[in-house]
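Here is how the chains run, residue by residue.
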Amino acid sequence: MTQRFDILSRSESGLHYVREKRGGIMRVLSDDELAGFDDPKPCPECAEQFGCEHFNCAGEPMLTEAEIESEVPKEWLSFARDYGISRADLQRFPQLEEHEGEWRVRPDVTNADLRTRELALLLNDSR
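Attention here is on the structure that accompanies the text. (Residues numbered from 1 in each chain as written. Predicted model: local features only at pLDDT ≥ 70, side-chain atom pairs only at ≥ 80, totals over all residues. Heavy atoms only, no water.)

Take the overall build of the protein next. Per the secondary structure count, the protein includes five helices and five strands. From first element to last, N terminus to C terminus, the protein shows the α and β order β-β-β-α-α-α-α-β-β-α. When each of the 127 residues of the protein is scored for burial, the buried share is 34%. Carbon and sulfur atoms make up 49% of the accessible area of the protein, which totals about 8,200 Å². Averaging the positions of the 16 positive and the 27 negative side-chain charges in the protein gives two centres separated by 1 Å. (Helix = DSSP H or I, 4+ residues; strand = E, 2+ residues; numbered from the N terminus. Buried < 20%, exposed > 50% of the residue type's maximum accessible area, 1.4 Å probe, protein only. Areas by Shrake-Rupley, 256 points an atom, 1.4 Å probe, with all protein chains shown as cover. Lys, Arg positive; Asp, Glu negative; His and termini not counted. Charge placed at Lys NZ, Arg CZ, Asp CG, Glu CD.)

The next subject is the sheet that holds strand β1 (residues 5-10). The sheet built from three strands is open, its strands ordered β1-β2-β3 with antiparallel pairing. Each edge of the open sheet is held by one strand with a lone partner, namely β1 and β3 (26-30). Within the sheet, the average angular offset between the axes of one strand and its neighbour, ignoring direction, is 35°. With five bridges connecting them, strand β2 (residues 15-20) and β3 associate as antiparallel partners. Residue pairing for β3: V18 is matched across the bridge by R27. (Pairing = 2+ DSSP bridges. Axes fitted to C-alpha atoms, helices over the stretch in contact; angles between N-to-C directions.)

Buried within helix α3 (residues 74-83) are the following residues: W76, L77, F79 and A80. Looking at the buried positions of α3, the neighbouring elements they touch are α2 (65-71), β5 (102-105) and α5 (114-125). Just past α3, the residue G84 takes up positive phi, approximately 80°. (Contact = heavy atoms within 4.5 Å.)

Turning next to α5. Along its twelve residues, α5 runs 17 Å from first to last C-alpha, staying within 8% of the 16 Å computed at 1.5 Å per residue. For α5, the secondary structure elements touched by its buried residues are α3, α4 (87-92), β4 (96-99) and β5. (Expected span 1.5 Å × (residues − 1).)

This paragraph deals with the pattern of salt bridges. One pass over the full model with this rule turns up 13 salt bridges. With a closest N to O distance of 2.7 Å, R115 and D89 form a salt bridge. Of this pair, R115 sits in helix α5 while D89 sits in helix α4, and the two are 26 residues apart along the sequence. For the pair formed by R115 and D89, the shared burial category is buried. Residues joined by salt bridges that share partners form a network here, namely E60, D89, R92, D113, R115 and E118. (Salt bridge = Lys/Arg side-chain N within 4 Å of Asp/Glu carboxyl O.)

Function cannot be inferred from these measures alone, as they are strictly geometric.
Take a look at the structure:
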C-alpha cells in the first residue's frame with residue numbers, strides 16, 4: 001500500500017514528524033491523527049483518500065477511456081470523459097433528474113448515497 005507520508009521521526013510521547021509525499025509539507029501528528037489517514041484506505045496508486053483519477057469517493061474503480069467509449073451511453077459520454085465515472089455510476093444516473101436547469105436527486109429516491117449526490121453536484125459544475 002502506498003503511504004501518504006514519509007515518517008521522519010517518532011517520539012515516545014506519541015507524536016510523529018511526517019512529510020507528505022505529495023507536496024512535501026511537514027507536519028506533527030498524533031497516533032490517532034496518523035491512523036485517521038487510513039480511513040478510508042488511500043488509493044494504492046496515488047495515496048489520495050476521497051476520490052482520485054483511479055477511484056471515486058465511494059472507493060469504486062473509475063472506468064478507463066476504452067471502457068467509457070464502449071460502455072457509457074451517448075448522453076453521458078462527455079461528462080464521463082471530463083469527470084470520470086465508475087460502473088456503479090451508470091446505475092446512479094437514473095436516480096438523477098434535471099429540474100429547472102439544475103441536476104438533483106429525484107424526490108422519490110429516498111436512499112441516495114453520497115456518490116449519487118456528488119454526481120448531481122458534478123453535473124451542475126459541468127454546465
